[in-house]
Amino acid sequence: MIHPKEKALIKREIIKLPSGKLLSVNDFSALFKKLYRGVYKDKETFCIEGERCDKIAFIVSGYMYSSYRLENGNENTTSLFFTPLCRIVCDYYSLKSKGVSTGTIRAVKKVILIWMYITDLEALFDTNPAFKDIARLLVDKCYNEKIISVEVFRRMGNEEKIREFFRMFPKLYGKFSNIIIGSFLGVDRREVSFIYALIP
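Throughout what follows, the structure given in this document is the object of discussion. (Residues numbered from 1 in each chain as written. Predicted model: local features only at pLDDT ≥ 70, side-chain atom pairs only at ≥ 80, totals over all residues. Heavy atoms only, no water.)

**Comments concerning unusual backbone geometry**
Put simply, the test is: Only DSSP runs of H or I reaching four residues or more are called helices, and only runs of E reaching two or more are called strands; each is numbered from the N terminus.
That bond from Thr83 to Pro84 is cis: its omega, -5°, falls within 30 degrees of zero. Assignment of secondary structure puts Pro84 in the loop between strand S4 (75–82) and strand S5 (88–89). In this structure, Lys109 takes a positive phi of about 60° despite not being glycine. Structurally, the position occupied by Lys109 is in strand S6 (residues 104–117).

**What to know about the nonpolar core**
What counts, and what does not: We call a set of buried Ala, Val, Leu, Ile, Met, Phe, Trp, Tyr and Cys residues a nonpolar core when their side-chain atoms join them within 4.5 Å. Only protein chains enter the calculation, and the probe is 1.4 Å; a residue is then buried if its accessible area is under 20% of its type maximum, exposed if over 50%, and partly exposed in between.
Ranked by size, the top nonpolar core spans 43 residues in total, and within it Leu31, Leu35, Phe46, Met64, Val89 and Leu113 carry the most contacts. At 8 residues, the largest contribution of residues to this core is made by S6.

**Notes on the packing of helix H7 (residues 178–185) against helix H8 (residues 189–198)**
The relative placement of two packed helices is expressed as an angle between their axes plus a distance between the axes. Quick note on the threshold: An axis is simply a line fitted to the C-alpha atoms; with a helix, the fit covers only the stretch in contact. Between two such axes, the angle follows the N-to-C directions and lies from 0 to 180 degrees. To sort the angles, those under 35 degrees are grouped as roughly parallel, those over 145 as roughly antiparallel, those from 65 to 115 as roughly perpendicular, and the leftovers as oblique. Should any heavy atoms of two residues lie within 4.5 Å, those residues are counted as being in contact. Throughout, the ten residues Ala, Val, Leu, Ile, Met, Phe, Trp, Tyr, Cys and Pro are labelled nonpolar, Asp, Glu, Lys and Arg are labelled charged, and all others, Gly among them, are labelled polar.
Close contact between H7 and H8 brings their axes to 7 Å; oriented N to C, the two are set at 100°. Judged on the interaxial angle alone, H8 and H7 are roughly perpendicular. The segment H7 lies against H8, with Asn178, Ile179, Ile181 and Gly182 engaging Arg189, Val192 and Ser193. Grouping the constituent residues of the contact of H7 with H8 by class yields 3 nonpolar, 3 polar and 1 charged.

**Here we look at the pairing of S6**
Rules: At least two DSSP bridges between two strands are required for those strands to pair.
Counting buried residues along S6, 11 of its 14 residues qualify, which places the element largely inside the surrounding structure. As defined by bridge partners, strand S1 (residues 36–40) adjoins S6 across 5 bridges and the pair is classed as antiparallel. Directly across from Tyr36, in S6, lies its bridge partner Trp115. Pairing of strand S2 (residues 45–47) with S6, which is carried by 2 bridges, proceeds in the antiparallel orientation. Residue pairing for S6: Cys47 is matched across the bridge by Ile105. With 11 bridges connecting them, strand S3 (residues 55–69) and S6 associate as antiparallel partners. Bridge pairing in S6 places Tyr65 opposite Arg106.

**Description of the pattern of salt bridges**
Where we set the bar: Salt bridge, as applied in this entry: a Lys or Arg side-chain nitrogen positioned within 4 Å of an Asp or Glu carboxyl oxygen.
Scanning the entire structure with this criterion turns up 10 salt bridges. Where Glu6 meets Arg37, a salt bridge forms, and the shortest distance between an N and an O atom there is 2.9 Å. Residue Glu6 is found in helix H1 (residues 4–15), and its partner Arg37 is found in strand S1; the two are separated by 31 residues along the sequence. With its nearest N and O atoms 3.6 Å apart, the salt bridge here joins Asp140 to Arg136. With a gap of 4 residues between them, Asp140 and Arg136 both fall in helix H5 (residues 130–154), about one helical turn apart. We classify Arg136 as partly exposed; its relative accessible area is 41%.

**Remarks on the state of the cysteines**
Selection criterion: By definition, disulfides here are pairs of cysteine sulfur atoms that lie within 2.5 Å.
Taken as a whole, this structure holds 1 disulfide when the rule is applied. What pairs with Cys47 in a disulfide is Cys53, and their sulfur atoms sit 2.0 Å apart. The pair formed by Cys47 and Cys53 is uniform in burial state, with each residue classed as buried.

Purely geometric stuff here, so don't read any function into it on its own.
Next comes the structure, spelled out in structure tokens:
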């Protein structure tokens, strides 16, 4: 069951969007009836690579990441999800193409999510067209956050990447493992801890 404070948090985030102000009390009531609260333990999956990702989520607390498996069995991390910046959790390509997920989304330690099925979200489009615009903005936000971070780090050397990552996200050290952060940045996990120790 979704807690009242979590409903208020969801409502505040939606009202920030341009179309969010077009939703009535009844619209929010209809939305809340379709939302689920999920508590994910460490390494539990939200979406699985190669399967359809049929839901979208909002992180209340905790950390998640998306990765795909390489031929050698290792994982390549493609996205990090965390509050308050990157809290919309979805597999963008699966949602856009209605195809399979490009990666597996996993929890790190304990994560609390508010989520809903995409079919339930689409059913709300008929009750108020603003829901369609809100859905588009949320999914695009998920995609844009991923692309921006990739573009920022792509042009940098290893040490510069690590320093810039922790300049942008100083509280993430220890939240994600050095293996996950290193994979996301394309550097060795040992470089992550070594460079982090040098940061004043």
